[in-house]
Amino acid sequence: MKRKQVLVRIFSLLVMLSMLAACTPAAAPTAAPAAEQPAAAEPFEIAVVVKITGIPWFNVVETGVDRAAKELGVNAYQTGPAQADPAQQVKIVEDLIAKGVDAIAVVPNDAKALEPAFQKAKEKGIIVITHESPDQVGTDYDFELIDNVKFGQHAWDQLVKHMGDTGEYAIFVGGLTVPLHNFWADTGIEYAKTKYPNLKLVTERIPCGEDQELARQKTLELIKAYPDLKGIVGFGSLGPIGAAQALKEKGLTDKIAVVGTVIPSQAAPYLKEGSMKEGLLWNPADAGYGMVWLAKYLLEGNKITDGMEIPGMGKATLDGTLVKLDLIMDINAENAESLGF
Amino acid sequence: MKTLLRRHEAYVLLIIIVVSIIITAVNPSFFSLENLFDLLKSMSLMGVFAIGMLFVLISGGIDLSFTAIATVSGYAVALALLRYGDSLNIFVIFLLAGAIGILLGAFNAAIIYFFRIPSIITTIATSNVFYGILTVLSEGKWLYGFPTWFGDFANIRLFTLYSPAGNPYGLSIVTVIWLALVLLAWFILRYTVLGRSIYAMGGSPSSAERAGFNLLRLNLFVYAFIGLMAGFGSVIQALLVQTVAPNSLVGKEMDVIAAVVLGGASLAGGTGSIMGTVLGVALITLLGNGLTLMHVPSQWYDVVIGLVILVSVGVSAYRMRKNIQRRVITETA
């Protein structure tokens, strides 16, 4: 009797849990498509699908999307899953395709998972643009504000600037399937082999860059596992902050140098007290604006050419389907508070 | 029944000891006071949530909304800190978070009791409501830049020691708060009529009612209590990371439930102990810590943690089944 009850409970728990997993994205929809447009000259509908909604990074991206919508006269809006989940993101893209938008710009959680959906979009004549996914298959153009090879190398230059060119270091990424974080990590490791041969990576990259408490814990653990650790490169906006907190807690801010991608206003106190040394980034609002600009440019039947000028952002280089700008931005104690995000 | 419980806890403790020995063999720096205190601090957040979950599981229910409750109260606390900053103190903060937690928890209890909806369904629904409303109102904004006193409080240690390398460590105030709550919970469960009636209700609600227990009051207490723990947990989370993000806790329910079940609580209600819960939390935290210290590549974390949960819960379920079989045989004989 008792045992049966237990089994029933466990079974129902499982069912509920799987339902829970399936329901969460629908339950917390954010940034619903803007209200219907006045019917006049139907403006282009451009949907920007980000990795995860409701985090500061993509909130700033959204300001760029909104600015583009206003300035360019298109119906552009941002949406995305409530968790950085590839499957939920694919579902949103498929819904947008079914809805019949004119262009979809995606910041992929998982490049591979989106390929079939992109194929479908193309069949329906929808323009597909990606961002932060340089090797994306199935996209019309991948738009990058930075040269990712240079960016990865720049991160290691910053690391060496603060820890010296000899010693042990570790890498944080947002997740092991986040294309760009791992690309930067690959590039940096490769670059360090020739440029800084005395740097030693202590362990595989650790997926804690989007969870501050986890990054803090992992840093405490790293300090003990590798007592000679001298540096941490963190990709994902919370990794470096969590690391900086752990170092501050342990009074190790002079011994271990933290650099990486951060939101300037959030990192400002850590940069000022020295628990984090330097950050590197581009302006996410530019990403939102650029994606919408590019989508509209293509929808109007224009062609992308090497060396063309994107208004307010400089010259773009074209390499296959990769449209690249060069907007790497150093973040330090002096400028962190004045960057506006 | 009691000896069985004790045996289960002893069993978890045994696994902890074995795991510790393995980790120490690979990396002796695991077995240090410094790591012990750091671990205790890392455990505190999950530990506080686990206390609340234990009460609910004993009562025969389950609560999947506590992370949403914690998110709401954490957000309220963060807003208060940003607006009134220096005029507040830590007690007001805990009071505010606790009050919001109790309120939302009582709401859960009322729905569960009056509409007789299973707790799992109720709390999935309310979790979405709480979290959804917060997402709408907050637009997902992260809150940080709290007053300095709030950051300083988080760094208080009851005593400070220095490792050979000169790193400071000690018993963190956060750990002390957790341990105080553990003591309180232990006292309630062990020595009060209230605690014993929660076990009674979990064992068999209808007999408990017939025996004169007020199920409404018990339900209210249990869900308000996990709400209180969720509220306190949200303050601890804010103390630890000095940032409140609407999405940082939701999704962590399963780790907490896993820890409590690992510690011997049954999803069918009526069993579970605070000692087991603390051990369950310890084991889960230990594994994550140990894998890094053993230089295991990060890809393997989830696999190992999943396997350990499976093995230990599996073994204890197997023992329980054998025990039941034995009982049936003696009863029929």
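Residues numbered from 1 in each chain as written. Chains lettered and ligands numbered in written order. Predicted model: local features only at pLDDT ≥ 70, side-chain atom pairs only at ≥ 80, totals over all residues. Heavy atoms only, no water.

Peer 1: An account of empty space enclosed by the protein is requested, with residue identities and associated values reported.
Peer 2: Across all of its chains, the model carries four cavities of 30 Å³ or more by this definition. The computed volume of the largest cavity comes to approximately 110 Å³. Contributing to the lining of the largest cavity are 13 residues, with Glu249 of chain A together with Lys41, Arg157, Gly170 and Ser172 of chain B lying nearest its centre. The biggest single contributor to the lining of the largest cavity is strand β3 (residues 168–172) of chain B, with four residues. Among the residues forming the lining of the largest cavity, the class breakdown is five nonpolar, three polar and five charged. (1 Å grid on protein atoms, 1.4 Å probe; cavity = no way out; pocket = protein on both sides within 12 Å on 5 of 7 lines; lining within 4 Å. Points joined across faces, edges and corners; volume = space filled by probe spheres on them. Helix = DSSP H or I, 4+ residues; strand = E, 2+ residues; numbered from the N terminus. Nonpolar A, V, L, I, M, F, W, Y, C, P; charged D, E, K, R; others polar.)

Peer 1: Please give an account of a nonpolar patch on the surface that cites residues and values.
Peer 2: Residue and element names in this part refer to chain B. Residues Leu33, Leu36, Leu158, Phe159 and Leu161 make up a contiguous nonpolar surface patch of about 430 Å² in total accessible area. For the nonpolar patch, the elements supplying multiple residues, two or more each, are α2 (33–58) and β2 (157–162). No other element matches the three residues that β2 contributes to the nonpolar patch. Assignment of secondary structure puts Leu33 in helix α2. (Patch = residues over 30% accessible without salt bridge, like charges linked within 9 Å, V, L, I, M, F, W, Y side chains within 5 Å. Areas by Shrake-Rupley, 256 points an atom, 1.4 Å probe, with all protein chains shown as cover. Salt bridge = Lys/Arg side-chain N within 4 Å of Asp/Glu carboxyl O.)

Peer 1: Pulling in residues and values, what's your account of helix α10 (residues 215–241) of chain B?
Peer 2: Residue and element names in this part refer to chain B. Between its first and last C-alpha, α10 extends 39 Å over 27 residues, near the 39 Å set by a 1.5 Å rise per residue. The element α10 is extensively covered by neighbouring structure, given that 23 of its 27 residues are classed as buried. Its side-chain oxygen placed 3.0 Å from the backbone nitrogen of Leu216, Asn214 serves as the N-cap of α10. Trailing α10 by a residue or two, Gln242 shows a phi angle of about 55°, which is positive. (Expected span 1.5 Å × (residues − 1). Buried < 20%, exposed > 50% of the residue type's maximum accessible area, 1.4 Å probe, protein only. Polar contact = N/O pair within 3.5 Å; in protein donor to acceptor, adjacent residues only side chain to side chain.)

Peer 1: Summarise unusual backbone geometry; cite the residues concerned and give the values.
Peer 2: Trans is the prevailing form of peptide bonds, just as negative phi is the prevailing case for residues other than glycine. Residues and elements named next belong to chain B. One non-glycine residue with positive phi stands out, namely Arg116, at about 55°. Following the sequence through the fold, Arg116 ends up in the loop between α4 (90–115) and α5 (119–138). By relative accessible area, Arg116 is classed as exposed at 57%. Although it is not a glycine, Gln242 adopts a positive phi angle of roughly 55°.

Peer 1: Account for α2 of chain B, naming residues and giving values.
Peer 2: Residue and element names in this part refer to chain B. Taking the largest bend as the criterion, α2 deviates by roughly 45°, centred on Ser44. Extensive coverage of α2 is indicated by the burial of 24 of its 26 residues. Positive backbone phi, approximately 90°, marks Gly60, located one or two places after α2. (Bend = angle between axes of the 7 residues up to and from the residue.)

Peer 1: I'd like a rundown of the domain arrangement of chain A, residues and numbers included.
Peer 2: All names here are of chain A. Domain assignment breaks chain A into domain 1 (30–145 + 284–325) and domain 2 (148–281). Just the C-alpha atoms count here: the centres of domain 1 and domain 2 sit 29 Å apart. Listed by partner, the interface residues are twelve residues for domain 1 and nine residues for domain 2. Summed over both partners, the interface of domain 1 with domain 2 buries about 880 Å², with 66% contributed by carbon and sulfur atoms. (Domains from an automatic or database assignment. Contact = heavy atoms within 4.5 Å. Buried area = accessible area lost by both parts, 1.4 Å probe.)

Peer 1: Before we move on, could you go through the pattern of salt bridges and cite the residues and values that matter?
Peer 2: Inspection of the entire model under this criterion finds 24 salt bridges over all chains. Glu71 of chain A serves as the salt-bridge partner of Arg67 of chain A, at 3.5 Å between the closest nitrogen and oxygen. Of this pair, Arg67 of chain A and Glu71 of chain A both sit in helix α2 (residues 56–72), four residues apart, which is roughly one turn of the helix. One network of salt bridges, with partners in common, ties together Glu213, Arg216 and Glu249 of chain A together with Lys41 of chain B.

Peer 1: An account of the packing of helix α7 (residues 212–225) of chain A against α2 of chain B is needed here, citing residue identities and associated values.
Peer 2: For the pair α7 of chain A and α2 of chain B, interaxial distance at closest approach is 11 Å and the crossing angle is 170°. By the angle between their directions, the pair α7 of chain A and α2 of chain B is classed as roughly antiparallel. Contacts between α7 of chain A and α2 of chain B pair Arg216, Gln217, Leu220 and Lys224 of chain A from the former with Glu34, Asn35, Asp38, Lys41 and Ser42 of chain B from the latter. (Axes fitted to C-alpha atoms, helices over the stretch in contact; angles between N-to-C directions. Parallel < 35°, antiparallel > 145°, perpendicular 65-115°, else oblique.)

Peer 1: An account of the nonpolar core is requested, with residue identities and associated values reported.
Peer 2: Counting residues in hydrophobic clusters, the biggest one holds 207 residues, and the most contacted among them are Phe143 and Trp156 of chain A together with Ile51 of chain B. If sequence neighbours within four positions are ignored, Trp156 of chain A has contacts with Tyr169, Ile171, Trp184, Ala185, Gly188, Ile189, Tyr191, Ala192, Tyr196, Leu199, Val233 and Phe235 of chain A. Listed in part, the 17 residues of the second largest apolar core include Val90, Val106, Ala117 and Ala121 of chain A. (Core = buried A, V, L, I, M, F, W, Y, C linked by side-chain atoms within 4.5 Å.)

Peer 1: Break down the interface of chain B and chain A for me, citing the residues and quoting the values.
Peer 2: Facing 50 residues of chain B, the contacting portion of chain A comprises 49 residues. At the boundary of chain B with chain A, total buried surface from both sides reaches about 4300 Å², with 59% on carbon and sulfur atoms. Here chain B and chain A share five salt bridges between them. Lys250 of chain A is paired through a salt bridge with Asp38 of chain B; the nearest N and O atoms lie 3.1 Å apart.

Peer 1: Outline the pairing of β2 of chain B, supporting the account with residue identities and numerical values.
Peer 2: Residues and elements named next belong to chain B. In terms of strand pairing, β2 meets β3 through four bridges, oriented antiparallel. Note on β3: the bridge partner recorded for Leu161 is Tyr169. In textbook terms, the turn of a hairpin is the stretch between consecutive antiparallel strands, and for β2 and β3 this stretch comprises five residues, one of which, Gly166, has a positive phi near 90°. (Pairing = 2+ DSSP bridges.)

Peer 1: Lay out the packing of aromatic side chains with the relevant residues and their values.
Peer 2: Two aromatic rings are characterised by how far apart their centres lie and by the angle between their planes. Residue and element names in this part refer to chain B. Counting across every chain of the model gives 21 aromatic pairs over all chains. Taken together, a centroid distance of 4.1 Å and an interplanar angle of 25° make the contact between Phe55 and Phe225 stacked. Placement of the pair is Phe55 in helix α2 and Phe225 in helix α10, with a sequence separation of 170 residues. On the basis of relative accessible area, Phe55 is assigned to the buried category, the value being 0%. (Phe/Tyr/Trp six-rings, centres within 6.5 Å; stacked < 30°, edge-to-face > 60°.)

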